[in-house]
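Chain residues, written in single-letter form:
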Amino acid sequence: MKLSKPVQFFIVFAAFLALGIPFKVMVLVEGFTEVRPVNAIPPVAGMMFGPWGALACGLGNVICDLFGTFNLTSLLGLFGNFAAAYLPYRLWYIYSAEQPNLHKNINILKYALICLSAALTVSWFLGLGLYYFFGTWIEEVYTYVLFNNFGFSIGLGMPLMIMVSSDDVKLAPCEGAKKYIILRSGKLRRLIPFIHTAVMAAISVMVLVFRISPEGNIAVGVLSVVGLCGTVALLV
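In what follows, the accompanying structure is described. (Residues numbered from 1 in each chain as written. Predicted model: local features only at pLDDT ≥ 70, side-chain atom pairs only at ≥ 80, totals over all residues. Heavy atoms only, no water.)

1. Some points on the side chain of Ser 117
Residue placement: Ser 117 occurs in helix α4 (residues 105-134). In this structure, Ser 117 is in contact with Leu 87, Leu 91, His 196 and Thr 197, ignoring residues within four places of it in sequence. (Helix = DSSP H or I, 4+ residues; strand = E, 2+ residues; numbered from the N terminus. Contact = heavy atoms within 4.5 Å.)

Right under this line is the structure:
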């Protein structure tokens, strides 16, 4: 079953609102984040529908914010949720020639690692983005975003991915990833994701284990610049 791009967009958009709005009352950090089962949707939407699924997640998050957490930082949420879907789409086609599916153990492992990389990236973008763009550092935002994204993308997103990629549903994913603007070399496309994930993991260890704040910390700043370069390279 092949869906048109507008239909792909509206299915993901509607699902995002249906799962996102009811949980706005389960606040974790007032004005910033809550319990978010909706984070199961972006990796599946991205892998199956590419940029249209990612756009639906980004815009869907903005609409959800109108029901409790809407402010200027919602711009970070727009790009963060777009990346949460679009990055898995890009990463899947770097390491697999198959259409997205979880029919094999190796594909399940790929899915889990891709979700981890995306969760690390989004938590860095939203958590440290609050500091670098708005001058506010809230460690809990970083922590909750990371565990919301990774936990729900595995706990709920994996069963959802198994369902939509099953032979019974026969939902045709979008075309494979488009050509890269920066990572034109195949070697770079395989190397940069590892470096990028390692940088994001290093930032996570600094924040979660050593309780290091980005405020005045040169190491976090340098790693964030490297992470930004890797993120841009992977997304474009």
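On we go from here.
2. Focus: the layout of surface pockets
If you add up the space inside the largest pocket, you get close to 260 Å³. Taken together, Leu 91, Tyr 95, Lys 110, Leu 113, Ile 114, Leu 116, Ser 117, Pro 193, Phe 194 and Thr 197 make up the lining of the largest pocket. Among the secondary structure elements, those contributing two or more residues to the lining of the largest pocket are α3 (74-95), α4 and α7 (186-208). A per-element tally of the lining of the largest pocket places α4 first, with five residues. Looking at side-chain class alone, the lining of the largest pocket contains seven nonpolar, two polar and one charged residues. (1 Å grid on protein atoms, 1.4 Å probe; cavity = no way out; pocket = protein on both sides within 12 Å on 5 of 7 lines; lining within 4 Å. Points joined across faces, edges and corners; volume = space filled by probe spheres on them. Nonpolar A, V, L, I, M, F, W, Y, C, P; charged D, E, K, R; others polar.)

3. Some words on the packing of α4 against helix α8 (residues 218-235)
Between α4 and α8, the least distance of the axes is 11 Å, while the angle of their chain directions is 125°. Relative to α8, the element α4 lies oblique. The chirality of how α4 crosses α8 is left-handed. Packed against α4, whose contacting residues are Thr 121, Trp 124, Leu 128 and Tyr 132, the element α8 presents Val 220, Gly 221, Ser 224, Gly 227, Leu 228 and Thr 231 at the interface. Of the residues assigned to the contact of α4 with α8, the class counts are five nonpolar, five polar and no charged. (Axes fitted to C-alpha atoms, helices over the stretch in contact; angles between N-to-C directions. Parallel < 35°, antiparallel > 145°, perpendicular 65-115°, else oblique. Left-handed = near helix turned anticlockwise from the far one by under 90°.)

4. Some remarks on empty space enclosed by the protein
By the definition in use, this model includes two cavities of 30 Å³ or more. Estimated volume of the largest cavity: approximately 300 Å³. What lines the largest cavity is a set of 24 residues, and nearest its centre among them are Phe 32, Thr 33, Gly 77, Leu 126 and Val 145. Only β2 (33-34), α2 (41-65), α3, α4 and α5 (139-155) provide two or more residues apiece to the lining of the largest cavity. The element best represented in the lining of the largest cavity is α3, accounting for six residues. Partitioned by chemical class, the residues of the lining of the largest cavity number eight nonpolar, twelve polar and four charged. Approximately 70 Å³ is the volume attributed to the second largest cavity. If you go around the second largest cavity, the residues you meet are Asn 39, Pro 42, Pro 43, Ala 84, Cys 115, Ala 118, Ala 119, Val 122, Asn 149 and Ser 153. Secondary structure elements with two or more residues in the lining of the second largest cavity: α2, α4 and α5. Of all the elements, α4 adds the most residues to the lining of the second largest cavity, at four residues.

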